[in-house]
Amino acid sequence: MPVATPEQYAEMLDRAKAGGFAYPAINVSSSQTINAVLQGLTEAGSDGIIQVTTGGADYFAGQSVKARATGALAMARFVTEVAKSYPITVALHTDHCPKDALPSFVLPLIEASEEEVRAGRNPIFQSHMWDGSAVPLDENIEIAAELLPRLHNINAILEIEVGVVGGEEDGVKHEGTNDALYTTVGDVTKAVEALGLGEKGRYISALTFGNVHGVYKPGNVKLRPELLGEIQDGIQQRFHTGPKPLDLVFHGGSGSTSEEIATAVANGVVKMNIDTDTQYAFTRSVAGFMFANYDGVLKVDGEVGNKKAYDPRAWGKIAEAAMAARVVEATQQLGSHGQSQS
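Residues numbered from 1 in each chain as written. Predicted model: local features only at pLDDT ≥ 70, side-chain atom pairs only at ≥ 80, totals over all residues. Heavy atoms only, no water.

With that settled, consider the overall build of the protein chain. Along the protein chain, the regular secondary structure elements total 13 helices and 10 strands. Here the C-alpha atoms of the protein chain give a radius of gyration of 20 Å, agreeing with the 20 Å that 2.2 N^0.38 yields for 342 residues. Reported as C-alpha extents along the three principal axes, the dimensions of the protein chain are approximately 75 × 50 × 40 Å. In the form shown here, the protein chain has an accessible surface area of approximately 14900 Å², with 52% of it arising from carbon and sulfur atoms. Distance between charge centres in the protein chain, computed from 27 positive and 42 negative side chains, equals 4 Å. (Helix = DSSP H or I, 4+ residues; strand = E, 2+ residues; numbered from the N terminus. Rg over C-alpha atoms; globule rule 2.2 N^0.38 Å. Areas by Shrake-Rupley, 256 points an atom, 1.4 Å probe, with all protein chains shown as cover. Lys, Arg positive; Asp, Glu negative; His and termini not counted. Charge placed at Lys NZ, Arg CZ, Asp CG, Glu CD.)

Below, the structure written as structure tokens:
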């Protein structure tokens, strides 16, 4: 199937909310990781979201240059073409974009999509994240309010972050107090007062409940996914809406228990970002292959090695399969397994 149209993407999110499941949103940085995501989603019978950060886009454009908008556009074109061979639907999303990266990343991509829409075509990316967690809340919301109508005009979705996800992802690092890791109803109320609840354009919200990017040992992070339900209830009462008025995003989910994930999804999470675990699955399989075939991938003691072993396709296929398996696991945890609308 091709990449989702804006209407299909909206339907995906609506189906997840109504059905009590969420989609894995997998970060990619290469054609191999893209193929791994498509393989895993197909094996799971799940739709999903392919996303790229500033660092991933820089890498996709070529490690010796800094051209993140070019890299993101190239990634989108690659996915749009190869996804036609897979019987599932994927949406394209740009992940964490802090304020200093807006001019080099999200804004040029919005402009490119505006050109596409003027020509009668769909936006290149179906959603973009503005990461205002490092600036004061009022400024965060002000920039979101500037971006939302532009995205609404091209039928794309904005993702915002209200609160602070700890740890670091692609150079975006937060070392705030523990209190900052937990979004409040008051914080979200300010956002809703400025952005509305869909009438000004659709957005999804990454609220924080103790989340930390990266990998951590059990017990080092205190997640409170029940906080999402409390915030949903607070917004429902404040704005007189139906239940669970917000479409939520789960960041920093590596190492989370199945119970924590299930609670977050039950409280309105429709998208969960996955990066650390899929990175490890990919690289761990390569390391295992190299250790097991060291005398084939290396020319040891004057020998010639084994071309079939050091051919990048040999270990590349294993890496893609290992990452695909982790994607399947994610769909099982999130409940999207077997739920493809295709």
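We are not done yet, so read on.
Let us look at unusual backbone geometry. The residue lysine 244 is not glycine, and still its phi comes out positive at about 50°. Note on placement: lysine 244 falls in the loop between α8 (226-239) and β9 (248-250). Positive phi outside glycine occurs at aspartate 301, with the angle close to 50°. If you trace the backbone, aspartate 301 turns up in the loop between α11 (294-297) and α12 (307-310).

Looking now at the packing of helix α5 (residues 106-118) against helix α6 (residues 137-153). At a closest axis distance of 10 Å, the pairing of α5 and α6 adopts a crossing angle of 30°. Between α5 and α6, the angle is such that the two are roughly parallel. Note that α5 runs across α6; the crossing there is left-handed. Here Leu107, Ile110, Glu111, Glu114 and Val117 of α5 come into contact with α6, specifically with Leu147, Arg150, Leu151 and Asn153. Residues belonging to the contact of α5 with α6 are distributed by class as follows: 5 nonpolar, 1 polar and 3 charged. (Axes fitted to C-alpha atoms, helices over the stretch in contact; angles between N-to-C directions. Parallel < 35°, antiparallel > 145°, perpendicular 65-115°, else oblique. Left-handed = near helix turned anticlockwise from the far one by under 90°. Contact = heavy atoms within 4.5 Å. Nonpolar A, V, L, I, M, F, W, Y, C, P; charged D, E, K, R; others polar.)

Working note: α-helix, 3.6 residues per turn, so residues spaced by three or four point in the same direction. A rise of 1.5 Å per residue sets the reference length of helix α10 (residues 276-292), with its 17 residues, at 24 Å; its end C-alpha atoms lie 24 Å apart and thus fit the reference within 8%. For α10, every residue scored as buried is listed here: Thr278, Ala281, Phe282, Ser285, Val286 and Phe289. Summarising the axial view, the buried residues of α10 lie within an arc of 120°, below the 170-degree limit, and thus occupy one face. Residues of α10 that are exposed and angled more than 90 degrees away from the buried face: Tyr280 and Phe291. Among the structural elements, β1 (23-27), α2 (31-44), β10 (269-274), α11, α12 and α13 (312-334) are those in contact with the buried residues of α10. (Expected span 1.5 Å × (residues − 1). Buried < 20%, exposed > 50% of the residue type's maximum accessible area, 1.4 Å probe, protein only. Arc of directions from axis to C-beta.)

On to the sheet that holds strand β2 (residues 48-52), then. Read around the closed barrel, the 8 strands follow the order β1-β2-β3-β4-β5-β8-β9-β10; overall the barrel is parallel. On average, adjacent strands in this sheet sit at an angle of 30° to one another, irrespective of strand direction. Along the sheet, helix α4 (residues 68-82) makes contact with β2 and β3 (90-94), crossing β3 at roughly 175°. (Pairing = 2+ DSSP bridges.)

Turning to the pattern of salt bridges, a few remarks are in order. Applying the stated criterion across every chain, the model contains 16 salt bridges. Across the salt bridge formed by lysine 190 and aspartate 138, the nearest N and O atoms sit 3.6 Å from each other. Residue lysine 190 is found in helix α7 (residues 185-195), and its partner aspartate 138 is found in helix α6; the two are separated by 52 residues along the sequence. Ionic pairing is found between glutamate 193 and arginine 238, a salt bridge with its closest N-O pair at 3.0 Å. Remark: arginine 238 occurs in helix α8 and glutamate 193 occurs in helix α7; sequence separation between them is 45 residues. A relative accessible area of 45% places glutamate 193 in the partly exposed class. (Salt bridge = Lys/Arg side-chain N within 4 Å of Asp/Glu carboxyl O.)

Attention now goes to the side chain of histidine 128. With respect to the helices and strands, histidine 128 occurs in strand β4 (residues 127-130). Engagement of the side chain of histidine 128 in a polar contact is seen with the side chain of threonine 94, the distance being 2.8 Å. The residues touching histidine 128, leaving out its near neighbours within four places in the chain, are His93, Thr94, Val106, Leu109, Ile110, Leu151, Ile157, Leu158 and Glu159. (Polar contact = N/O pair within 3.5 Å; in protein donor to acceptor, adjacent residues only side chain to side chain.)

Our next topic: the packing of aromatic side chains. Scanning the entire structure with this criterion turns up 2 aromatic pairs. Seen in terms of ring centroids, phenylalanine 21 and tyrosine 23 are 5.4 Å apart; in terms of plane orientation they differ by 80°. Their pairing is edge-to-face. The same class applies to phenylalanine 21 as to tyrosine 23, namely buried. We note arginine 238 situated over the ring of phenylalanine 239; from NZ or CZ to the ring centre the distance is 4.9 Å. (Phe/Tyr/Trp six-rings, centres within 6.5 Å; stacked < 30°, edge-to-face > 60°. Lys NZ or Arg CZ within 6 Å of the ring centre and 35° of its normal.)

In this model α8 runs 20 Å from its N-terminal to its C-terminal C-alpha over 14 residues, within 8% of the 20 Å that 1.5 Å per residue would give. Listing the buried residues of α8 in full gives Leu227, Leu228, Gly229, Ile231, Gln232, Gly234 and Ile235. In this structure, the buried side of α8 is in contact with α7, β8 (203-207), β9, α9 (258-266) and β10. In the stretch just after α8, histidine 240 is the one whose phi turns positive, near 55°.

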